[in-house]
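These are the residues of each chain, in order.
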Amino acid sequence: MLLDKIRECCKKNNIIWTPHAITRMMERGLTKNDVMSCIYEGKIIENYPDDFPYPSCLIYGHAINLRVIHVVIGSDREYIFVITAYEPDAIRFEDDLKTRKEIK
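Residues numbered from 1 in each chain as written. Predicted model: local features only at pLDDT ≥ 70, side-chain atom pairs only at ≥ 80, totals over all residues. Heavy atoms only, no water.

A. Inspection of the overall build of the protein chain at higher detail. Across its full length, the protein chain holds three helices and five strands. Start at the N end of the protein chain and walk to the C end: the helices and strands fall as α-β-α-α-β-β-β-β. In summary, the protein chain has a C-alpha radius of gyration of 13 Å against a globular reference of 13 Å for 104 residues, a match within 12%. With respect to the principal axes defined by its C-alpha atoms, the protein chain has extents near 40 × 30 × 25 Å. The buried share of the protein chain, taken over its 104 residues, is 41%. (Helix = DSSP H or I, 4+ residues; strand = E, 2+ residues; numbered from the N terminus. Rg over C-alpha atoms; globule rule 2.2 N^0.38 Å. Buried < 20%, exposed > 50% of the residue type's maximum accessible area, 1.4 Å probe, protein only.)

B. Here's a closer look at the pairing of strand 3 (residues 56-62). Extensive coverage of strand 3 is indicated by the burial of six of its seven residues. Relative to strand 3, strand 2 (residues 43-48) runs antiparallel, the two being bridged by five bridges. Bridge pairing links Glu46 to Leu58 in strand 3. Inspection of the sheet shows strand 3 paired to strand 4 (residues 68-75) by seven bridges, in the antiparallel sense. (Pairing = 2+ DSSP bridges.)

Taken by themselves, the reported measurements are silent on function.
What follows is the structure, given as structure tokens:
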């Protein structure tokens, strides 16, 4: 997935917020503005081209209060689907909060 295409969908307001994403964002104290900040200023750290029903990716970035967050989005090329958003932790990610730890 290309971040430019994702951002273009955002500018057109072609965003679908999944019920799962809204629920998790509320539980985690994240807003739509936090997610948008991550998408506009962040970078893709993992791609999932074979996800169903659409390819998806994991974006690393910052919420509006500068805390590190991850956002998972899928796209059908016309719309993006916000799947979830969360603060990464040191249990699953290396100290850079971008690199997934290997399962041993």
